[in-house]
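Spelled out from the first residue to the last, the chains are:
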Amino acid sequence: MKKRVPLIIIFCVGTLFVLAIFLPFPPFPAMEGEVSVWFDILKGFAFVLGGGNLIRVTADKIRKGHPDRFYLWVTLVGFFGMLVVGLLQLGGPIAPGGDFTTEGLWFRRIYDGIFAPCMAAIFSTLAFFVSSAAYRAFRAKNREATILLIAAFVILLGRTPLGNSLTAWLPDFLNFLKIPWLFEKILMYPNTAGQRAILIGIALGIISNSLRLILGVERSYLGGERS
Amino acid sequence: MSLFLSVLTLSPLNYEYFAFDKINLFVILILLVTAILFFVLKARRGKTLSIRKIAGLEAVEEAVGRATEMGKSVLFVPGSRDLDDLQTLAGLSILGSVARMTAQYEARLDVPVNRSLVMAAGQETVKEAYLAVGRPDLYRPEMVHYITDEQFGYVAALEGIMVRERPAACFYMGAFLAESLILAETGNSIGAIQVAGTAMPVQLPFFVAACDYTLIGEELFAAAAYLSQDRRMMGSLKGQDVGKAVAMFAIVIGSLLATIVALTGSSFVGSLFRAFIRLFALNY
């Protein structure tokens, strides 16, 4: 029963949504938008579930004397601090249901002053990770890696003004040796062909996986075959 | 509510009952569904089907075994999108298989997630996997735990877990955005075996560069079938191959027609080519 009901729901909803693509009369064309609103409402309630789990797991670790309990306290203080500041709308007029992103509210100040810079700092580490990954990926260990290295070098040069000026002196009949020409052709042909091959595979994989889900063949996300 | 109101006010005379401009899609869909169903039923009747070896999935058991030997944990990240993304569902399916292995090997499993619904589904998946192999005593609900919905807050927490806990195996299976390289490079720096799988074409090069094995696109969706060796699921993969054969055939025919039109300028072949293109037009 615990699995049969979800499987029946998945079958009905899945079939309905596939048919909705081909049925142009109401309510089918508006269904996708409407149901995504339902999903957002569901997510809103589910957030309580996630928040509850975060508090429980963190508090458990603190109680058991976890070596990282200092960070765990930071998590709890941050969680409850933001919750109180947001719910009470500190720093502004008390207006239940008001916009918590209004300028001047503590919630907004903490978000802009602490949270956003922290997020930007994490994102900016990507630049260093790109360098280290590129260093490992573009070593000419074998023939394929050498081709990759050359292609990457051409693309890198093609993206900069230096790439244009380096080969600008070449005569027109040697156009195929100019960096902008090579850059364009590499992106347009081998790159597009590879990307499309992957995309076709993904599209077929999605259709096949969706069908497995709709027909109940694939049920490992429900915990497999046990019951 | 507006959905129900629109049904109530529906007048049968005012509407077309089928989107005929999408008939080509409907035919392609029916063909694909028939092929997949045919092979699923064939497999169900006991026909043995073989699928090619996927190195990334062969390495899953090796990675879990290594983590067990080293007494370290296994980290599983089911992507950064919600349960309405098919890649997340594919990731959870793989999580089921990985959880069975960690239960059998008695390895520690850690699944930090960034969506509440994924957490609920993930807990159920892991619990059932531990029950299925007869080790419910090893299951703990906190194996699958929620971090935050915020993308880089989640990334920071994952990096912290990796650097402090130093898992021996890291699995990234699902939909990933800019966090893919940050996670994979952090995992690389701690010397973990890393297996990634995603259907986000832009993120694939990052995983290929930084992980030991990468499941590319469709392999992510095939992984659950491959790992479970379920006949019916493997049958659906065979049906999917029919779709691939049709796509390959269409590409060859389309390329030939386009080349002939470019070389000869024939108006007959040109109209044939345009009709052929219309066969695959989406008409959205």
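Residue numbers run consecutively from 1 along every chain, following the written order of its sequence. For this description, chains carry letters from A and ligands carry numbers from 1, given in the order in which they are written. Owing to the predicted nature of the model, reporting of local features is limited to residues with pLDDT of at least 70; listing and counting of side-chain atom pairs is limited to 80 or more, with chain, interface and lining totals taken over all residues. Where side-chain values are given, they derive from all heavy atoms of the structure, hydrogens and water being excluded.

**What about the overall build of chain B?**
Point 1. Looking only at helices and strands, one finds 11 helices and 6 strands in chain B.
Point 2. Burial here depends on accessible area, computed with a 1.4 Å probe over protein chains only, as a share of the maximum for the residue type. Under 20% is buried, over 50% is exposed, and the range in between is partly exposed. The burial tally for chain B puts 51% of its 284 residues in the buried class.
Point 3. For chain B, long-range pairs separated by at least 24 residues make up 69% of all intrachain contacts whose partners lie at least 6 apart in sequence.
Point 4. Accessible surface area values rest on a Shrake-Rupley calculation with a 1.4 Å probe, where residue burial reflects the displayed protein chains alone. Surface accessibility of chain B: about 12,800 Å² in total, with carbon and sulfur atoms responsible for 63%. Put simply, DSSP marks the helices as runs of H or I at least four residues long and the strands as runs of E at least two long, and each gets a number from the N terminus on. By the convention used here, residues are in contact when the closest approach between their heavy atoms is within 4.5 Å.

**Some remarks on the environment of A:I122**
Point 1. Assignment of secondary structure puts A:I122 in helix 4 (residues 106-124).
Point 2. Counting along the chain gives 23 residues from A:I122 to A:D99, while the straight-line C-alpha distance between them is 28 Å.
Point 3. Discounting chain neighbours no more than four positions away, the residues touching A:I122 are B:F152, B:V155, B:A156, B:E159 and B:I182.

**Notes on helix 4 (residues 86-105) of chain B**
Residues and elements named next belong to chain B.
Point 1. Between its first and last C-alpha, helix 4 extends 29 Å over 20 residues, near the 28 Å set by a 1.5 Å rise per residue.
Point 2. Any pair of N or O atoms that falls within 3.5 Å is considered a polar contact. Within protein, one atom must be able to donate a hydrogen and the other to accept it, and sequence-neighbouring residues count only if both atoms are side-chain atoms. For helix 4, the capping residue at the N-terminal end is D85, with a side-chain oxygen 2.8 Å from the backbone nitrogen of Q87.
Point 3. Immediately downstream of helix 4, the backbone of E106 shows phi near 60 degrees, a positive value. Take the residue count of a helix, subtract one, and multiply by 1.5 Å to get its expected span.

**Things to note about the domain arrangement of chain B**
Residues and elements named next belong to chain B.
Point 1. Start and end positions for the domains come from either an automated domain assignment or a database one. Taken domain by domain, chain B comprises domain 1 (19-48 + 232-279) and domain 2 (55-228).
Point 2. The C-alpha-based centres of domain 1 and domain 2 are spaced at 34 Å.
Point 3. On the side of domain 2, 5 residues touch domain 1, which itself brings 5 residues to the contact.
Point 4. Salt-bridge detection follows one rule: a side-chain nitrogen of Lys or Arg within 4 Å of a carboxyl oxygen of Asp or Glu. At the boundary of domain 1 with domain 2, the tally comes to 1 salt bridge.
Point 5. The salt bridge partner of E218 is K244, with a shortest N-O separation of 2.8 Å.
Point 6. Under the convention adopted here, Pro, Cys and the residues Ala, Val, Leu, Ile, Met, Phe, Trp and Tyr are nonpolar, Asp, Glu, Lys and Arg are charged, and Gly plus all remaining residues are polar. The class makeup of the residues in the side of domain 1 that touches domain 2 is 3 nonpolar, 1 polar and 1 charged.

**What about the domain arrangement of chain A?**
All names here are of chain A.
Point 1. Domain annotation of chain A identifies domain 1 (4-127) and domain 2 (133-222).
Point 2. Look at where the C-alpha atoms of domain 1 and domain 2 centre, and you get two points 36 Å apart.
Point 3. Facing 7 residues of domain 1, the contacting portion of domain 2 comprises 7 residues.
Point 4. Taking both partners together, domain 1 and domain 2 bury about 510 Å²; carbon and sulfur atoms supply 81% of that area.
Point 5. Counting the surface domain 1 buries against domain 2, the share from its top three residues, L7, I10 and F11, is 77%. A simple way to read buried area is as the amount of 1.4 Å-probe accessible surface that goes missing from two parts once joined, with both sides added.

**So, the side chain of B:D82**
Point 1. Along the polypeptide, B:D82 turns up in the loop between strand 1 (73-77) and helix 4.
Point 2. What makes B:D82 buried here is its relative accessible area of 7%.
Point 3. Residues in contact with B:D82, not counting those within four places in the same chain, are A:F39, A:K43, B:T88, B:R115, B:L117 and B:V118.

**Here we look at the interface of chain A and chain B**
Point 1. The interface of chain A with chain B comprises 67 residues on the first partner and 82 residues on the second.
Point 2. Buried area between chain A and chain B, both sides added, is near 6,200 Å², and the carbon and sulfur share of it is 70%.
Point 3. At the junction of chain A and chain B, the tally comes to 3 salt bridges.
Point 4. Residue A:K43 is joined to B:D82 by a salt bridge in which the shortest nitrogen-to-oxygen separation is 4.0 Å.

**A look at the sheet that holds strand 3 (residues 144-146) of chain B**
Residues and elements named next belong to chain B.
Point 1. Two strands pair under a simple rule: DSSP has to find at least two bridges between them. Spatially, 6 strands are ordered 3-2-1-4-5-6 in an open sheet, and the strand pairing comes out parallel. Lying at the two open borders of the sheet, with one neighbouring strand each, are strand 3 and strand 6 (213-216). Across this sheet, the average inter-strand angle for adjacent strands is 15 degrees, counted without regard to direction.
Point 2. Bridging between strand 1 and strand 2 (residues 108-113) involves 3 bridges; their strand directions are parallel. Bridge pairing links V74 to L109 in strand 2.
Point 3. In this analysis an axis means a line fitted to C-alpha atoms, helices contributing only their contacting stretch, and an angle means the value between N-to-C directions, from 0 to 180 degrees. In the packing of helix 7 (residues 179-189) onto the sheet, contacts are made with strand 4 (169-173) and strand 5 (193-198), and the angle to strand 5 comes to roughly 165 degrees.

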